[in-house]
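# Structure at a glance
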Amino acid sequence: MTQTSVVINSIEQMVDQLINPEELQPKSIDDVVKLPSFAEKMNQCAKLCEQPYSEIDQSIQDTLVLRRLQQMIHTLKLNPLWKERIEQSGVKGVPHNFEEWQQLPISDKTVMSDFFMGDRPGLVVPLNYGGFEIVASGGTSSGVPAEMVYSLRELQDTYKIAGNFIGNYMLKDYLAGDDPKWVATTLADFQMWSSGTMVGGVLQNIPGINYLGAGPVMKEVYQHIMSYPGPKAIMAISAGIAILSDLGVGLSEEARNSFRVAMYGSGVLPHRKQIELKQMYPNVEILSYFATVQNEAIGLQLKAESPYLAGVPGLHLIEIVDEQGRWVAEGKEGELVVTRLHGHETPFLRFKSGDRVIRRPNIDSTGLKTQQFEFLGRSGDVIHLGDTQFPAPPVYKTLCRQLKDIGVCDLEVLAHETQFVNHRTNKTLSLMAAVDEPKDLFLKIENSLGSQGVKRLFIDALISSLSIFNSGEANPQYIEKTGYHFEVKLVERWSEEIYRTPLSKVPVIRDIV
């Protein structure tokens, strides 16, 4: 059967055959353990359509995904805690379409902790069956520690699916030629923190590459790795990619030219760092690799010229929702909610990742069909002034644009790192920026603007960050009444005044209460 022969009224019939009624509704835990994997169903679907799964028509993908979600609901109802949670949502039986699916409750780190820590009451298949992996999240952003339980066989499926996607749709054009091809990660495992193992599991399944689980590297080790012949891609947290411009000093031209793709995770790579990397490595493309606990590859930036992140078809159900948990329209901002589709033995529904994103048009090319979204920032990246919350990333963007427009400086180019610090007790909001010559730049800002000028810039930036739906909440008079003082505070590079988490991440906001 070719894709062109799969007509709309036969799609459901085909999908019903792929996940038959007996598999759809397992009657016991032993039935769940014996279920064929969802990866097998994806492969069967691809064979029927005579195309790679990522290139199958979106309507077929969606129908198979819905069938898979229905199977997950039936599986979860074998667990009394999940059964009660699902039925309280008003969904009778299983959701028959994505509209009904959106009635199901959203889960967060607290739910994850309640269901999968301690006695782990949210498990469908008990741990005494074996074949599981425990992964811990330290709560870097949320402050809530949590553990998650994964089926080892399903983790291997997800690694292979994501690895194939990265190789075929993200790195193929960059890691070309006949020389050996290298993909490395400098992510490390801290106790049971998941990133090094889980992202590494994805990367080592990229076809045709040699994998290096390098961990945090010193200059000597990094330069040794870069001396290997052949094109290279490196994945790290943003800070781990940013430092590669320094570690590259002294490399040969051949080694510098061999660095083709820098994949950064965890936040945003400062504009200045991107410039420095391009100067050090002429051939490098800088792409975002977006992952969180529970999801080792949610969104991947396929082209440097587009900020949009592509989902890996068949890996997750990706939802962008409003405050009621309903899907937002294309072009609208919402909360990122993700459901692992490969969770036969440890399903977890509608996990709220804590990220704000914009829903973008699907990719619908002859070579790829999948969802897209644009990352805005963490849901907690908000500046609290009075009763109003101002999203920090657009505030920063506007401040940079204003400083550049009036001829003071281009802070995006000058800053190595930035962080808002909100001292709620003494009512001071600071934009801290690490720059090379902080004293000189401070004098320039002070002479050009003074404290009142800086205050005006902050007020304008705060107000402009609000959407049309809540812009009426704040005006200059409102912000004046908060009694806040505003400042741009410049510090030396690597200053300890900029707060870093134990994992070396620099939060956008530091609230001091």
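This text goes with the structure placed above it.
Residues numbered from 1 in each chain as written. Predicted model: local features only at pLDDT ≥ 70, side-chain atom pairs only at ≥ 80, totals over all residues. Heavy atoms only, no water.

## With respect to the pattern of salt bridges
Selection criterion: Salt bridges are counted wherever a side-chain nitrogen of Lys or Arg sits within 4 Å of a carboxyl oxygen of Asp or Glu. Numbering goes from the N terminus for both helices and strands, where a helix is a DSSP run of H or I of at least four residues and a strand is a run of E of at least two. Between buried and exposed lies partly exposed: a residue is buried under 20% and exposed over 50% of the maximum accessible area for its type, with that area taken using a 1.4 Å probe on protein chains only.
A full pass over the atoms with the stated rule returns 24 salt bridges. We note a salt bridge from E335 to R356, for which the minimum N-O separation is 3.4 Å. Highlighted residues: E335 in strand β11 (residues 333-340) and R356 in strand β12 (residues 351-364), separated in sequence by 21 residues. In this structure E335 comes out as buried when scored by relative accessible area, which is 10%. Among the residues examined, R356 registers a relative accessible area of 26% and is labelled partly exposed.

## Points about the packing of aromatic side chains
Applied cut-off: Between the rings of Phe, Tyr and Trp (Trp by its six-membered ring), a pair exists once the centres lie within 6.5 Å; its type follows the angle of the planes, with under 30 degrees stacked, over 60 edge-to-face, and the other angles tilted.
Scanning all chains against the criterion turns up 12 aromatic pairs. Residues F98 and W327 carry aromatic rings whose centres are separated by 5.5 Å and whose planes lie at 40 degrees to one another, so their mutual orientation is tilted. Taken together, the residues F98 in helix α7 (residues 98-101) and W327 in the loop between β10 (316-321) and β11 connect sequence positions 229 residues apart. You can call W327 partly exposed: its relative accessible area is 30%. Aromatic ring contacts, followed pair by pair, group W82, F115, F116, F348 and F351 into a single cluster.

## Re the packing of helix α16 (residues 392-405) against helix α19 (residues 450-464)
Selection criterion: Structural elements are reduced to axes, namely lines fitted to C-alpha atoms, with helices fitted over the stretch in contact, and the angle between N-to-C directions of any two is expressed from 0 to 180 degrees. Note on angle classes: values under 35 degrees are labelled roughly parallel, values over 145 roughly antiparallel, values of 65 to 115 roughly perpendicular, and the remainder oblique. Crossing handedness: left-handed means the near helix sits turned counterclockwise from the far one by under a right angle, and right-handed means the same turn made clockwise. We call two residues contacting when some pair of their heavy atoms lies within 4.5 Å. Each residue gets one of three labels, nonpolar for Ala, Val, Leu, Ile, Met, Phe, Trp, Tyr, Cys and Pro, charged for Asp, Glu, Lys and Arg, and polar for the others, Gly among them.
Closest axis-to-axis distance for the α16/α19 pair is 8 Å, and the angle between their directions is 135 degrees. What the angle tells us is that α16 and α19 run oblique. Seen from above, α16 lies across α19 with right-handed handedness. In contact with V395, T398, L399, Q402 and L403 of α16, α19 contributes L457, F458, D460, A461, L462 and S464. Along the lines of polarity and charge, the residues of the contact of α16 with α19 split into 7 nonpolar, 3 polar and 1 charged.

## Some points on the pairing of strand β15 (residues 388-391)
The following threshold applies: Being paired, for any two strands, means DSSP has found at least two bridges between them.
Of the two faces of β15, the one lined by T388 and F390 is fully buried and the one lined by Q389 and P391 carries no buried residue. The pairing of strand β14 (residues 382-385) with β15 spans 4 bridges and is antiparallel. Following the sheet pairing, V382 is matched in β15 by P391. The loop that links β14 with its antiparallel partner β15 comprises 2 residues; one of these, G386, has a positive phi angle of about 60 degrees.

## Some thoughts on the layout of surface pockets
One water molecule sets the probe size; rolling that probe over the atoms shows where empty space is left. Defined as follows: The distinction between a cavity and a pocket rests on a 1 Å grid over the protein atoms alone: a 1.4 Å probe fits inside a cavity but cannot get out, while a pocket stays open yet meets protein on both sides within 12 Å along at least five of seven lines, and a residue with an atom within 4 Å of a point counts as lining. Grid points are joined across faces, edges and corners, and a volume is the space filled by probe spheres set on the points.
A volume near 420 Å³ is recorded for the second largest pocket. If you list the elements that add at least two residues to the lining of the second largest pocket, you get α5 (58-76), β10, β12 and β13 (369-378). Of the residues forming the lining of the second largest pocket, the biggest block, 5 residues, is contributed by β10. Residue composition of the lining of the second largest pocket, grouped by class: 10 nonpolar, 9 polar and 4 charged.

## Quick look at the packing of helix α18 (residues 438-448) against α19
Helix packing geometry: the angle between the two helix axes and the distance between the axes. At a closest axis distance of 6 Å, the pairing of α18 and α19 adopts a crossing angle of 90 degrees. Between α18 and α19, the interaxial angle falls into the category roughly perpendicular. Mapping the contact onto sequence places I445, E446 and S448 in α18 and G450, S451 and V454 in α19. Partitioned by chemical class, the residues of the contact of α18 with α19 number 2 nonpolar, 3 polar and 1 charged.

## Examining the sheet that holds strand β17 (residues 428-434)
Read across the sheet, 4 strands follow the order β18-β17-β16-β19 without closing on themselves; strand pairing throughout is mixed. The open sheet terminates on both sides in strands that have one partner only, identified here as β18 (485-491) and β19 (509-512). If you compare each strand with its neighbour and ignore which way they point, the axes differ by 20 degrees on average. In this sheet, β19 lies alongside strand β16 (residues 417-423) in parallel orientation, the contact comprising 4 bridges. Bridge pairing in β19 places F420 opposite I509. Against the sheet, α19 contacts β16, β17 and β18, and its axis sits at roughly 105 degrees relative to β18.

## Section: the nonpolar core
For clarity, the threshold we go by: Among the buried residues, those of types Ala, Val, Leu, Ile, Met, Phe, Trp, Tyr and Cys that are joined through side-chain atoms within 4.5 Å form a nonpolar core.
By size, the foremost hydrophobic cluster in this structure holds 83 residues, and its most contacted members are C45, L171, V183, M263, Y289 and L349. Filtering out sequence-adjacent residues up to four positions away, M263 remains in contact with M170, L171, V183, L203, A233, I234, M235, A236, I241, L287 and Y289. By size, the runner-up hydrophobic cluster in this structure holds 35 residues, among which are L403, L411, L429 and I509.

## Some words on helix α15 (residues 271-280)
For an α-helix the count is 3.6 residues per turn, leaving residues at separations of three or four pointing the same way. This is how it is decided: Each C-beta atom gives one direction from the helix axis, and the arc is the one those directions make.
Looking only at α15, the buried set comprises R272, K273, E276, L277 and M280. Relative to the axis of α15, the buried residues are bounded by an arc of 135 degrees and lie together on one face. Residues of α15 that are buried sit in contact with α12 (238-242), α13 (244-247), α14 (253-257), β7 (285-292) and α17 (411-414).

## Regarding the side chain of R360
Defined as follows: N or O atoms closer than or at 3.5 Å make up a polar contact, with two conditions inside protein: a donor-capable atom paired with an acceptor-capable one, and, for residues adjacent in sequence, both atoms drawn from side chains.
As for its position among the elements, R360 is in strand β12. Relative accessible area serves as the criterion here: at 19%, R360 is assigned to the buried category. For R360, the side chain forms a polar contact with the side chain of E374, separated by 2.7 Å. R360 has contacts with Y308, E330, G331, Q372, F373 and E374, leaving out every residue within four places of it along the chain.

## Comments concerning the side chain of R340
Inspection of the secondary structure puts R340 in strand β11. R340 sits in the buried class, given a relative accessible area of 5%. Side-chain polar atoms of R340 contact the side chain of E296, separated by 2.7 Å.

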